[in-house]
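What the coordinates show
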4 protein chains.
Amino acid sequence: MYATLLISCPDRRGLVAAVTDFIFRRNGNILHLDQHVDAEQNIFFMRVQWDLATFEIPPEKIASSFAPIAEQYHMSWRVHLADEILKMAIFVSKQDHCLYDILSRWRSGEWRVDIPLIISNHADLQHIADKFEVPFYVFPITKATKAEQEEKQLALLKEHAVDFIVLARYMQIVSENFISHYPNRVINIHHSFLPAFPGAKPYHQAYERGVKIIGATSHYVTPELDAGPIIEQDVTRVDHRDSVNEMIRKGKDLEKTVLARAIWYHLHHRVLVYNNKTVVFK
Amino acid sequence: MYATLLISCPDRRGLVAAVTDFIFRRNGNILHLDQHVDAEQNIFFMRVQWDLATFEIPPEKIASSFAPIAEQYHMSWRVHLADEILKMAIFVSKQDHCLYDILSRWRSGEWRVDIPLIISNHADLQHIADKFEVPFYVFPITKATKAEQEEKQLALLKEHAVDFIVLARYMQIVSENFISHYPNRVINIHHSFLPAFPGAKPYHQAYERGVKIIGATSHYVTPELDAGPIIEQDVTRVDHRDSVNEMIRKGKDLEKTVLARAIWYHLHHRVLVYNNKTVVFK
Amino acid sequence: MYATLLISCPDRRGLVAAVTDFIFRRNGNILHLDQHVDAEQNIFFMRVQWDLATFEIPPEKIASSFAPIAEQYHMSWRVHLADEILKMAIFVSKQDHCLYDILSRWRSGEWRVDIPLIISNHADLQHIADKFEVPFYVFPITKATKAEQEEKQLALLKEHAVDFIVLARYMQIVSENFISHYPNRVINIHHSFLPAFPGAKPYHQAYERGVKIIGATSHYVTPELDAGPIIEQDVTRVDHRDSVNEMIRKGKDLEKTVLARAIWYHLHHRVLVYNNKTVVFK
Amino acid sequence: MYATLLISCPDRRGLVAAVTDFIFRRNGNILHLDQHVDAEQNIFFMRVQWDLATFEIPPEKIASSFAPIAEQYHMSWRVHLADEILKMAIFVSKQDHCLYDILSRWRSGEWRVDIPLIISNHADLQHIADKFEVPFYVFPITKATKAEQEEKQLALLKEHAVDFIVLARYMQIVSENFISHYPNRVINIHHSFLPAFPGAKPYHQAYERGVKIIGATSHYVTPELDAGPIIEQDVTRVDHRDSVNEMIRKGKDLEKTVLARAIWYHLHHRVLVYNNKTVVFK
């Protein structure tokens, strides 16, 4: 068993010493330590993992023991225990490649996560949810019903105690209200190397522009469309021989991989968000 | 000795057969043939190289012999002979990495090209031109003098019979009039993966946005800033540890490589432009 | 409907003209044409696709009509019609990531292919075959039973008229006799950038050697282990923080993608094999 | 001004706390801290940089002040001050691309380093050394003269107080005796993705094998050929159209970039060597 502590705070002398000393004095052994200072903004970030086998503070009291140090240094912080299993909801529409990929990774044991439910605005992918035995809920969305349907979705998510949400090519814009319930906990995959080609039909835009590289971007959702903090991106080469359909085909592999990496970072508490950017400790 | 024929025209049946038959009947041996059809726009593109050793038409008559076929199929076309050596002018400002790279490749024999002159709006890089023994001309540019200075530059370029121009981090926007003298023959390097981050300070923009990948783009210059046909792009990973200065440092290697590839494609007559895009035959 | 013609033969003058003329005179319209000459070995390769809508030779007579030309130029050749659907058998052992990926691509319609059966030397992945409703056959292999079991596998493959075989992390070496029934039609995925780290436990070897990049290689199986013609490779970065298990995790994504690309090229008749190498027309 | 401390030692509890406490108590501010534990070998690695502006120990006494801690934890360690400028010797033969690249980076101020001399076994590149005004020494090498010439080279290197050596496509194998004077301080660039294609003519080997990716590897030189600790690698795609000469041309860009990155890591004290592998703190 180990604990993971994530910290951000104004930078000042002695921060690393204070935290490592806290762990060391109670006989904890540091497994990984990453820190970063944004020198321009004067912000300190840290992620530290330590073994609890010999640690003298019992797991349930770590947070309260650390609180005084956190207060002294004005830290934003959270601590995670390794045996905690997050609950992830998946939102989809009609495209199935990301859904297949996520469910396959989950079933093959690549990720330790619970997937209590899949939500969609269409019934098309019900059969995949069935294959993998995950409850599937359909909430058709029109302009008129959107607010109401989102309330029902939120109720369902609370009921299942969902920790974070993955929009796996969900073709609806989620409202500011919805997002406010899961700040930095709604992960989207956009099929372009943002900030190029935000919004609709990015592969068509890429084709029109004649780019030689296409990409995919996974980010936390914020009220501004495709403008949230970027978690991960990747790209692949295209050339004049690639039609829009070819770009879509090649892009699917990018989307799957980039989204999977973003989920993996999130699951392992490797992402800190600030100023609409991320620190991803690898 | 070999010839390279570049063709674009409306697509129709029999185009490849007509061209290859022209070469074959006169006893030419095809070395490379690439063709492409933009199925959406119904445009046909072709690049074919053939050996002139046994070809029965003398080099200087190839163009006139091919003209009737070209007319019949409404082709845009040009033919290049392998012994032709293009003349390339380089424009720079204060950044030296692309200039060093270009001159090194040239001096080490990687490219067959003449570099009759370097033009700059600053005197800073004179010492590099001297090292490599290339004439260096300084044309300081202000808003008031720009039109006049460009006329002088154009006169100098004509005088040296320059075929194409490379803007190797030249920090001036060249005018529409200037470009009109070298359509699809002014190659720029922009330090972002366009269309993301056009205009000034792209690395600062990239840093602000928190992207996980930065890039460089080489394109033909058109009147619209950073919006011309893209010849080549490449990218590299960055993360939260990369300050703007680190991005600039990493980006320099991208800029050098991407610009060098674009120049290489241009020198080898591998680029065809249409609809503000390029076909690059590799 | 369209036809795809694949050719290799000794290079000589007039090859492209002869083939395109064959298509043009019968009123076919070329959609794609790729050719390549191995100048060192003097071998000519060509892949040409043309529209059959207006082609005056009926599909079933194309082969016999082309045969005289093929004979004249000593061509190895084959012609494929677009409505043909290949039958692919999958061999697996205990690792499931490639199997999930292949079945997902197939079910989502990314590939036009039939998968009549999955063969394994272990029962572990039966549940995945069941999910995707593909017959699953278990042939446990020991040194003593190998020859006999392979005979049974071959009988089953014949019975299902299988066209080619994918070893999706099948942890058995298939015999020379077995391979001889499917020359250049058994596709393997090896989890290293061959020729580095052939044989067992390549990620352990990579970790030991301290490489900064790991890879995956898909190749046609030949009697010499991991030494067949390479169809596709890709790589990803690792560093000192990556344990063997991390390399295995990152490598899985490579393996899936590289194998899927190799299958796609094979399915689309884009691969020609010669001298233990491949020409892959993209 | 800042200091950089590099440590490796057997892993045990309290190491990070001990080091950060040392810095904190004397009023130093940590700028960067990276640590890594090889869990398999139980080895701890650390690189920490701190600001000396307010640090209460004068630079010249840092080492002696830290020594007791180092002793207590059985550390291998070294400390570097930011104002130290390393002396780098370059060895070349006839290929000029890496030499041009290194000298250009140096002259443009990308690297803070002194280059007191260039050594070659041929006179061919003298003109480049002259351009960049670096003394150039020729030591022709034959089997008979090798030992003697190396002694002269070593004497010259000592005379110039050279800190480390870069073999920039130096086509001689340096002897075990020579290497022993610069352990982990002779950086080589090999033109393949090692361990694939060690030894002579790697591009020819790659062409023969039909790989779809070629690479370059920079490593510290050890007595076993091309088998030393890898510092950096990179790759680029090739296909059947790439002749050996094309691979060589594409590979040159890789070699330049990979070698430059390795030099940069070395110059910034980011590399720790153990078990014939490297930890490169980025």
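Residues numbered from 1 in each chain as written. Chains lettered and ligands numbered in written order. Predicted model: local features only at pLDDT ≥ 70, side-chain atom pairs only at ≥ 80, totals over all residues. Heavy atoms only, no water.

Residues and elements named next belong to chain A. The terminal C-alpha atoms of helix 5 (residues 146–159), which comprises 14 residues, lie 20 Å apart, in line with the 20 Å expected from a rise of 1.5 Å per residue. Turning to helix 5, its buried residues are Q149, E150, Q153, L154, L156 and L157. Here the buried residues of helix 5 occupy an arc of 160 degrees about the axis, which is enough to place them on one side. For helix 5, exposure combined with an orientation more than 90 degrees from the buried face picks out A147 and E159. Where the residues of helix 5 are buried, they touch strand 5 (87–92), strand 6 (114–120), strand 7 (136–138), strand 8 (164–167) and helix 6 (176–180). Phi turns positive, to about 55 degrees, at A161, one or two residues after helix 5. (Helix = DSSP H or I, 4+ residues; strand = E, 2+ residues; numbered from the N terminus. Expected span 1.5 Å × (residues − 1). Buried < 20%, exposed > 50% of the residue type's maximum accessible area, 1.4 Å probe, protein only. Arc of directions from axis to C-beta. Contact = heavy atoms within 4.5 Å.)

All told, the structure shown has 48 aromatic pairs over all chains when counted by the stated rule. Note on F22(C) and F55(C): the rings are 6.2 Å apart at their centroids and 70 degrees apart in plane angle, and the pair reads as edge-to-face. Residue F22(C) is found in helix 1 (residues 15–25), and its partner F55(C) is found in the loop between strand 3 (43–51) and helix 2 (62–72); the two are separated by 33 residues along the sequence. Arranged with centres 5.9 Å apart and planes meeting at 75 degrees, the rings of F91(C) and F178(C) form a pair that is edge-to-face. Here the residue F91(C) occupies a position in strand 5 (residues 87–92), and F178(C) occupies one in helix 6 (residues 176–180), the gap between them amounting to 87 residues. Overall, F91(C) belongs to the buried group, its relative accessible area being 0%. Its relative accessible area of 0% is what places F178(C) among the buried residues. For R249(C), the ring lying beneath its charged end belongs to W264(A), and the centroid distance is 3.5 Å. Note that K131(D) overlies the ring of F132(B), its terminal NZ or CZ placed 5.2 Å from the centroid. (Phe/Tyr/Trp six-rings, centres within 6.5 Å; stacked < 30°, edge-to-face > 60°. Lys NZ or Arg CZ within 6 Å of the ring centre and 35° of its normal.)

We now examine the relation of the copies chain C and chain D. Relating one copy of the chain to the other requires a rotation about an axis plus a shift along that axis. With an RMSD of 0.0 Å, the fit of chain C onto chain D corresponds to turning through 180 degrees and sliding 0.0 Å along the axis. Taken together, the rotation angle and the small translation identify this as a two-fold axis. Looking at the rotation axis and the C-alpha trace of chain C, the residue lying nearest is A196(C), at 2.3 Å. A shared interface surface links the copies, since 100% of the contact residues of chain C are contact residues in chain D too. (Least-squares fit on C-alpha atoms with pLDDT ≥ 70 in both.)

This part takes up the packing of helix 7 (residues 202–209) of chain C against helix 8 (residues 244–267) of chain C. Residue and element names in this part refer to chain C. Closest axis-to-axis distance for the helix 7/helix 8 pair is 10 Å, and the angle between their directions is 125 degrees. When the interaxial angle is binned, helix 7 and helix 8 end up oblique. Taken as a pair, helix 7 and helix 8 cross one another with a handedness that is right-handed. Across the interface between the two elements, Y203, H204, A206 and Y207 of helix 7 pack against V244, M247, I248, G251, K252 and E255 of helix 8. Classifying every residue of the contact of helix 7 with helix 8 gives 6 nonpolar, 2 polar and 2 charged. (Axes fitted to C-alpha atoms, helices over the stretch in contact; angles between N-to-C directions. Parallel < 35°, antiparallel > 145°, perpendicular 65-115°, else oblique. Left-handed = near helix turned anticlockwise from the far one by under 90°. Nonpolar A, V, L, I, M, F, W, Y, C, P; charged D, E, K, R; others polar.)

Residues and elements named next belong to chain D. Here 4 bridges tie strand 12 (residues 271–274) to strand 13 (residues 277–280), and the two strands are oriented antiparallel to one another. Bridging from a neighbouring strand, V273 pairs with T278 of strand 13. Between the end of strand 12 and the start of strand 13, which pair antiparallel, lie 2 residues, with N275 showing a positive phi angle near 50 degrees. (Pairing = 2+ DSSP bridges.)

Residues and elements named next belong to chain B. Across the sheet, which stays open at both edges, the 7 strands sit in the order 7-6-5-8-9-10-11 with mixed pairing between neighbours. Of all the strands in the sheet, just strand 7 (136–138) and strand 11 (230–237) have a single pairing partner and so form its edges. Taken pair by pair, the neighbouring strands of this sheet meet at an average axis angle of 20 degrees, ignoring direction.

Another aspect to go through is the domain arrangement of chain A. Residue and element names in this part refer to chain A. Domain assignment breaks chain A into domain 1 (2–81) and domain 2 (88–280). The C-alpha centroid of domain 2 is placed 31 Å from the C-alpha centroid of domain 1. Summing both partners gives a buried area of about 870 Å² for domain 1 against domain 2, and 59% of it is carried by carbon and sulfur. Area buried by domain 1 at its contact with domain 2 is led by L6, F45 and R47, which between them contribute 47% of it. Here domain 1 is connected to domain 2 by 0 salt bridges. Sorting the residues of the side of domain 1 that touches domain 2 by element identifies strand 1 (2–10), strand 2 (29–38), strand 3 (43–51) and strand 4 (76–81) as the ones contributing at least two each. When its residues are assigned to classes, the side of domain 1 that touches domain 2 shows 5 nonpolar, 4 polar and 3 charged. (Domains from an automatic or database assignment. Buried area = accessible area lost by both parts, 1.4 Å probe. Salt bridge = Lys/Arg side-chain N within 4 Å of Asp/Glu carboxyl O.)

Overlay of chain B on chain A (RMSD 0.0 Å): rotation 180 degrees, translation along the axis 0.0 Å. Counting the interface residues of chain B, we find that 100% of their copies in chain A are interface residues as well, pointing to one common contact surface.

Of the residues lining the interface, 34 residues belong to chain B; the matching set on chain A comes to 34 residues. Roughly 2900 Å² is buried in total at the junction of chain B and chain A, and carbon and sulfur atoms are behind 50% of that figure. Together, R209(B), K212(B) and H240(B) form the three largest contributors to the area buried by chain B at its contact with chain A, with a combined 24%. Counting across the interface, chain B meets chain A through 4 salt bridges. Of the charged contacts, one joins R237(B) and E232(A) as a salt bridge, the two residues approaching to 3.4 Å between their closest N and O atoms. For the pair chain B and chain A, the number of links is 18 residue pairs in polar contact (both at pLDDT 80 or more). Among the secondary structure elements, those contributing two or more residues to the side of chain B that touches chain A are strand 2 (29–38), helix 7 (202–209), strand 11 and strand 13 (277–280) of chain B. A per-element tally of the side of chain B that touches chain A places strand 11 of chain B first, with 7 residues. (Polar contact = N/O pair within 3.5 Å; in protein donor to acceptor, adjacent residues only side chain to side chain.)

Here we take up the pattern of salt bridges. Inspection of the entire model under this criterion finds 64 salt bridges over all chains. A salt bridge links R169(A) to E255(A); the nearest nitrogen and oxygen atoms lie 2.7 Å apart. With R169(A) in the loop between strand 8 and helix 6 and E255(A) in helix 8 (residues 244–267), this residue pair connects regions lying 86 residues apart in the sequence. With respect to class, R169(A) is no different from E255(A); both count as buried. Across the pair R261(C) and E232(C) runs a salt bridge, and its minimum N-O distance is 2.6 Å. In this pair, R261(C) is assigned in helix 8 and E232(C) in strand 11 (residues 230–237), connecting sequence segments 29 residues apart. Taking relative accessible area as the criterion, E232(C) reaches 2% and is therefore assigned buried.

All names here are of chain A. Spatially, 7-6-5-8-9-10-11 is the arrangement adopted by the 7 strands of the open sheet, whose pairing is mixed. Only two strands of the sheet have a single partner each, and these edge strands are strand 7 and strand 11 (230–237). Within the sheet, the average angular offset between the axes of one strand and its neighbour, ignoring direction, is 20 degrees. Sheet topology note: the strand 5/strand 8 ladder contains 4 bridges and is parallel. In the sheet register, M88 faces strand 8, and the bridge partner there is F164. Running over the sheet, helix 5 touches strand 5, strand 6, strand 7 and strand 8 and is turned about 170 degrees from strand 6.

The partner chain D presents 34 residues to the 34 residues of chain C that form the contact. The largest share of the area that chain C buries against chain D comes from R209(C), K212(C) and H240(C), three residues that together contribute 24% of it. The interface formed by chain C and chain D includes 4 salt bridges. Counting every contact that joins chain C to chain D gives 18 residue pairs in polar contact (both at pLDDT 80 or more). If you list the elements that add at least two residues to the side of chain C that touches chain D, you get strand 2 (29–38), helix 7, strand 11 and strand 13 (277–280) of chain C.

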